[in-house]
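Coordinates in review
These are the residues of each chain, in order.
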Amino acid sequence: MQTKLADFIKNSPEGQEADEILRSCVHCGFCLATCPTYQLLGDELDSPRGRIYLMKQLLEGQPVTEKTQLHLDRCLTCRACETTCPSGVRYGALVDIGRGIVEKQVKRNLYSEVMRFTLRKVLPNALLFNTLFKAGQLVRPMLPSSLKKKIPARLGTAQTWPAARHARAMLVLDGCVQPALAPNINAACARVLDRLGISLIKAEKAGCCGAVTFHLNAQTEGLDYMRRNIDAWWPYVEQEKAEAIVMTASGCGVTVKDYGHLLSHDREYAEKAATISAMTKDISEILLAEKDRLRKLTESKKDGNQTKLAFHSPCTLQHGLKIRGTVEQILVATGFDLTVVPNAHLCCGSAGTYSILQPELSQQLLKNKVDALESGQPDQIATANIGCLMHLQNGAAISVKHWIELIDQRLSAL
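What counts and how
- Residues numbered from 1 in each chain as written.
- Predicted model: local features only at pLDDT ≥ 70, side-chain atom pairs only at ≥ 80, totals over all residues.
- Heavy atoms only, no water.
- Phe/Tyr/Trp six-rings, centres within 6.5 Å; stacked < 30°, edge-to-face > 60°.
- Helix = DSSP H or I, 4+ residues; strand = E, 2+ residues; numbered from the N terminus.
- Buried < 20%, exposed > 50% of the residue type's maximum accessible area, 1.4 Å probe, protein only.
- Lys NZ or Arg CZ within 6 Å of the ring centre and 35° of its normal.
- Core = buried A, V, L, I, M, F, W, Y, C linked by side-chain atoms within 4.5 Å.
- Contact = heavy atoms within 4.5 Å.
- Patch = residues over 30% accessible without salt bridge, like charges linked within 9 Å, V, L, I, M, F, W, Y side chains within 5 Å.
- Areas by Shrake-Rupley, 256 points an atom, 1.4 Å probe, with all protein chains shown as cover.
- Salt bridge = Lys/Arg side-chain N within 4 Å of Asp/Glu carboxyl O.
- Polar contact = N/O pair within 3.5 Å; in protein donor to acceptor, adjacent residues only side chain to side chain.
- Pairing = 2+ DSSP bridges.

**Digging into the packing of aromatic side chains**
Overall, the coordinates contain 1 aromatic pair when judged by the stated rule. Consider the rings of F129 and F133, whose centres lie 6.1 Å apart with planes at 5°: the pair is stacked. With a gap of 4 residues between them, F129 and F133 both fall in helix α9 (residues 126-139), about one helical turn apart. Each member of the pair, F129 as well as F133, is classed as buried. A cation sits over an aromatic face here: K202 above W161, 4.6 Å from the ring centre. The ring of F336 carries the charged tip of R410 above its face, separated from the ring centre by 4.2 Å.

**Observations concerning the nonpolar core**
Formed by 90 residues in total, the largest nonpolar core has its most connected members in W233, Y259, I276, I283, L287, W403 and I407. Looking at this core, the element that brings in the most residues is helix α14 (residues 219-238), giving 8 residues. With residues up to four places along the chain from it excluded, the contact list for W403 reads I283, S284, L287, F311, V327, I330, L331, A382, T383 and A384. The next biggest cluster of nonpolar side chains, apart from the first, holds 27 residues, and it includes L5, C25, M55 and L94.

**What about a nonpolar patch on the surface?**
Taken together, the side chains of L138, V139 and M142 make up a nonpolar region of the molecular surface, amounting to roughly 350 Å² of accessible area. M142 sits in the exposed class, given a relative accessible area of 66%.

**Concerning the pattern of salt bridges**
Tallied over the entire structure, the rule returns 24 salt bridges. Notably, a salt bridge pairs E221 with R120, separated by 3.1 Å at the nearest N-O pair. Remark: R120 occurs in helix α8 (residues 110-122) and E221 occurs in helix α14; sequence separation between them is 101 residues. In this pair, the class of E221 matches that of R120, namely buried. Salt bridges linked by common partners bring D73, E103, R108 and R116 together as one network.

**Some points on unusual backbone geometry**
The phi angle of most residues is negative, glycine excepted, and most peptide bonds adopt the trans form. One non-glycine residue, N343, lies in the positive phi region at around 50°. In this structure, N343 sits in the loop between β6 (337-338) and α22 (354-357).

**Notes on the side chain of T334**
Mapping T334 onto the fold places it in the loop between α21 (326-333) and β6. Owing to a relative accessible area of 1%, T334 belongs among the buried residues under this scheme. Polar side-chain contacts of T334 include one of 3.1 Å to the backbone oxygen of L331.

**Focus on the sheet that holds strand β8 (residues 400-402)**
If you trace the 4 strands from one edge of the open sheet to the other, you get β6-β5-β7-β8, paired in parallel fashion. A strand with exactly one partner marks an edge of an open sheet, and here the two such strands are β6 and β8.

Read these as spatial facts, not as claims about activity.
Here it is, written out as structure tokens:
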């Protein structure tokens, strides 16, 4: 793709990166077949190729309108197009740049401004979110069913977190909404790792990974969350107290893995960010290396009554982190019977705040995903990201759990 970027962007780091990405696109259209919004709407401007043309126009200085903003807003940033693209177009990075520019040039209506401001102030603030969530839970029984669905149920309580006692230690990110919505996920992770001789520890000042605000186009604010986490983790890194930073939410994992890129032009944080990104591992990567030990620990539980499980691989796991088949290997090794899930590459419609800002499209994707997951008649559904978990639970007729909790339950039953 030939480009001629406008003066306002061409000499900036963002402009140079966008130019490189645009030039790598060869217009082949392979991305259309895997784009969830194009599948639903049939409008090429709601496909990666169409959105790339829109971003090319705005980067070349052509007028930007609400129509451009609408089509970029409708993108889930699922990055399925990157998995399909034969040219290696880094669409996710390009759409971040494009959205940031559009946000500065196109004014939103008051409702949209207030909604986005509220989301980026409430969701990343764990204390505020937890307080509001508890208040919502108190009045939930009195609400009509249509409103009850908007207040998610708390998924259990946190069980025992083992004391740090092993030579091997790893950090874990608590995140923002996960401690309130599903507090047992990280505790289950800590118990599983404890059985494998690894202590899981938290840096108390670490919080939201920055994804919520960054993808709501408050990118400077998002970068500040990232710097805060780096500051919280850095003493452990310097003193070699942790060999890895573990992520139990793939949505956080794909963002923290990108700290090195997002902060590459920050003189103070660039080197630290690159180190943090290199240390960051999804929990599946850690357990894959321990798969044989896990298999031996769970062998006594393998019998003719295996739990039939449908696994939903989040977009952030399979397309963002490019981790495919790893969780499935671990689940099979520990005695679960996995069903076949049609169109497993497609998004469930959660996509961070997408389910709130684009409810109609999100609900269509949710229905399609639940139908696919339940088609094999599983006993349970498992996933690897808190956003997907809450979204699927809202549409599924059966229980949805984080897969690490299922591993923990199996080990606890021994």
